[in-house]
Amino acid sequence: MASTFRIGGDLDVGRLGFGAMHLPTGPGPDRDNALAVARRAVELGVTLIDTAHLYGGGANEELLAEALHPYPEGLLITTKVGVARTGPGGDWKLDGRPEILRDQVRQALRRLRMERIDLLQLHRIDPETPLADQLGTLRELQAEGLVGRIGLSEVTVDELERARELVDVVSVQNRYNLLDREHEAVLDACAAAGIAFLPWRPVAWGSTGAEAVVAAVAAELGARPTQVALAWLLDRAPVVLPIPGTARIEHLEENLAAADLKLTPAQRDRLDGLAGGARAESV
Ligand SMILES: NC(=O)c1ccc[n+]([C@@H]2O[C@H](COP(=O)([O-])OP(=O)(O)OC[C@H]3O[C@@H](n4cnc5c(N)ncnc54)[C@H](OP(=O)(O)O)[C@@H]3O)[C@@H](O)[C@H]2O)c1
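Overview of the structure. No experiment lies behind these values; they were computed from the predicted model shown. (Residues numbered from 1 in each chain as written. Predicted model: local features only at pLDDT ≥ 70, side-chain atom pairs only at ≥ 80, totals over all residues. Heavy atoms only, no water.)

What follows covers the site of the ligand. In the region of the ligand, 28 residues are neighbours, and His22, Asp50, Thr246, Arg248 and His251 sit closest. In this structure, Arg124 approaches the ligand through a side-chain N or O atom, which is 2.8 Å from an oxygen atom. For the ligand, an oxygen atom lies 2.9 Å from a polar atom in the backbone of Ala247. Contact with the protein chains covers 89% of the free accessible surface of the ligand, which is 890 Å². Grouping the amino acids of the shell around the ligand by side-chain chemistry returns eleven nonpolar, eleven polar and six charged. (Near = heavy atom within 4 Å. Polar contact = N/O pair within 3.5 Å; in protein donor to acceptor, adjacent residues only side chain to side chain. Areas by Shrake-Rupley, 256 points an atom, 1.4 Å probe, with all protein chains shown as cover. Nonpolar A, V, L, I, M, F, W, Y, C, P; charged D, E, K, R; others polar.)

Here it is, written out as structure tokens:
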């Protein structure tokens, strides 16, 4: 299966990305380590990094810029907007009002030191704001040249279809892993339409080894259970682009090495059977 995927027809990325959410952003040795992890990810060939305004209210975007700017050719840093504080120090809540989306995009451009966000994802659809207003705003930002392509996060098949009537959706980011197949139908819809599917929580917080089947397959391959979880995702469909997150270089290196792991058809069948899921014949 190809090791790269072309998002929206023009953004080429390696299929195994990196989720930056876990990188600590406060000052001190933890921040130095976080900068080192982000740099090591790129050094090891990662070309897809996921962040969001929500992660530290922009602090995670700033950290990535500090670690990686000026960005190497071909690196896609994608961010998400649409979750905002209710006020200074207030709670985070879904907020897809046009002025909020615009403001968070402006902040992201400044923090990431970019002129354009090549892939912008709507973190959640805000049920209190008309979908046409939310996506209309992203389309306007696209027309203004501030946003390249548009993605969604945590959507149903129905929401995806409705969104596609309003904008060209090139990616979907939903929770999905070996042990959690709730969004199987969304993945299948993405695969059918050639839309990138970025499963979040791809290594299930590193918990997959607790499943006897995963532990057994890992032992057969001489690999870690987390690597089996990632290899299974990569094997699931060519549109799947996992974004495992870690604040540890050893876990990062381990996760990226999963791209070289090959499951046998029998191992794939045993893993498919976990969580009561079986892949669709058509994918
Ligand atoms: N769209 C959304 O709503 C949404 C929601 C959540 C997350 N995300 C994105 O998805 C990315 C990944 O999701 P996630 O962080 O929820 O789940 P995840 O990547 O499955 O799990 C991350 C956790 O697993 C541990 N881990 C990672 N690699 C490991 C390894 N090789 N061995 C053992 N433990 C390992 C990490 O701890 P260590 O630091 O100790 O390695 C971390 O606590 C995030 O970074 C974020 O970019 C998106």
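More follows now that the structure is in view.
This next bit is on the sheet that holds strand 11 (residues 196–197). Ordered by their spatial adjacency, seven strands build an open sheet running 3-4-5-8-9-10-11, and the pairing between neighbours is parallel. Of all the strands in the sheet, just strand 3 (18–19) and strand 11 have a single pairing partner and so form its edges. For strand 10 (residues 169–173) and strand 11, the ladder comprises two bridges, and the chain directions are parallel. Paired with Val172 across the bridge in strand 11 is Phe197. Set on the sheet, helix 4 (residues 131–143) makes contact with strand 8 (117–122) and strand 9 (147–153); between it and strand 9 the angle comes to about 155°. (Pairing = 2+ DSSP bridges. Helix = DSSP H or I, 4+ residues; strand = E, 2+ residues; numbered from the N terminus. Contact = heavy atoms within 4.5 Å. Axes fitted to C-alpha atoms, helices over the stretch in contact; angles between N-to-C directions.)

Inspection of every chain in the model, using the stated rule, returns 22 salt bridges. A salt bridge links Glu140 to Arg102, with the nearest nitrogen and oxygen atoms 3.2 Å apart. Separated by 38 residues along the polypeptide, Glu140 in helix 4 and Arg102 in helix 3 (residues 98–112) bring together distant segments of the chain. Residue Glu140 is classed as partly exposed on the basis of its relative accessible area, which comes to 43%. It is possible to trace a salt-bridge network through shared partners that takes in Asp10, Arg149 and Asp168. (Salt bridge = Lys/Arg side-chain N within 4 Å of Asp/Glu carboxyl O. Buried < 20%, exposed > 50% of the residue type's maximum accessible area, 1.4 Å probe, protein only.)

One pass over the structure, following the stated rule, counts two aromatic pairs. Judged by centre distance (5.8 Å) and plane angle (90°), the ring pair of Tyr176 and Phe197 falls under edge-to-face. One end of the pair, Tyr176, is in the loop between strand 10 and helix 6 (184–193); the other, Phe197, is in strand 11, with 21 residues separating them in the sequence. Summarising the burial analysis for this pair, Tyr176 and Phe197 share the class buried. Ring centres 5.9 Å apart and planes at 20° place the aromatic pair Tyr176 and Trp232 in the stacked group. Pair noted here: Tyr176 is in the loop between strand 10 and helix 6 and Trp232 is in helix 8 (residues 225–236), with a separation of 56 residues, a long-range link. Take Tyr176 and Trp232: they sit in the same class, and that class is buried. Connected via pairs of aromatic rings, a cluster forms that spans Tyr176, Phe197 and Trp232. (Phe/Tyr/Trp six-rings, centres within 6.5 Å; stacked < 30°, edge-to-face > 60°.)

Turning next to the nonpolar core. General note: in soluble globular proteins, nonpolar side chains tend to be found buried as a group. Counting residues in each nonpolar core, the largest one holds 85 residues, and the members touching the most others are Ile7 and Ile49. For this core, the element with the highest residue contribution is helix 8, accounting for seven residues. In this structure Ile49 touches Phe18, Ala20, Val42, Leu64, Leu68, Leu75, Leu76, Ile77 and Thr78, once residues within four positions along its chain are discounted. (Core = buried A, V, L, I, M, F, W, Y, C linked by side-chain atoms within 4.5 Å.)

A separate point is the side chain of Arg15. Here Arg15 lies in the loop between strand 2 (11–14) and strand 3. There is a polar contact of 3.0 Å between the side chain of Arg15 and the backbone oxygen of Val240.

Quick look at the environment of Val46 now. The topology assignment puts Val46 in the loop between helix 1 (29–43) and strand 4 (48–50). Sequence-wise, Val46 and Gly148 are 102 residues apart; in three dimensions their C-alpha atoms are separated by 20 Å. Beyond its immediate stretch of four places on either side in the chain, Val46 contacts Leu16, Gly17, Phe18, Ala41, Leu75 and Leu256.

Geometric descriptors of this kind do not, in isolation, establish any biological role.
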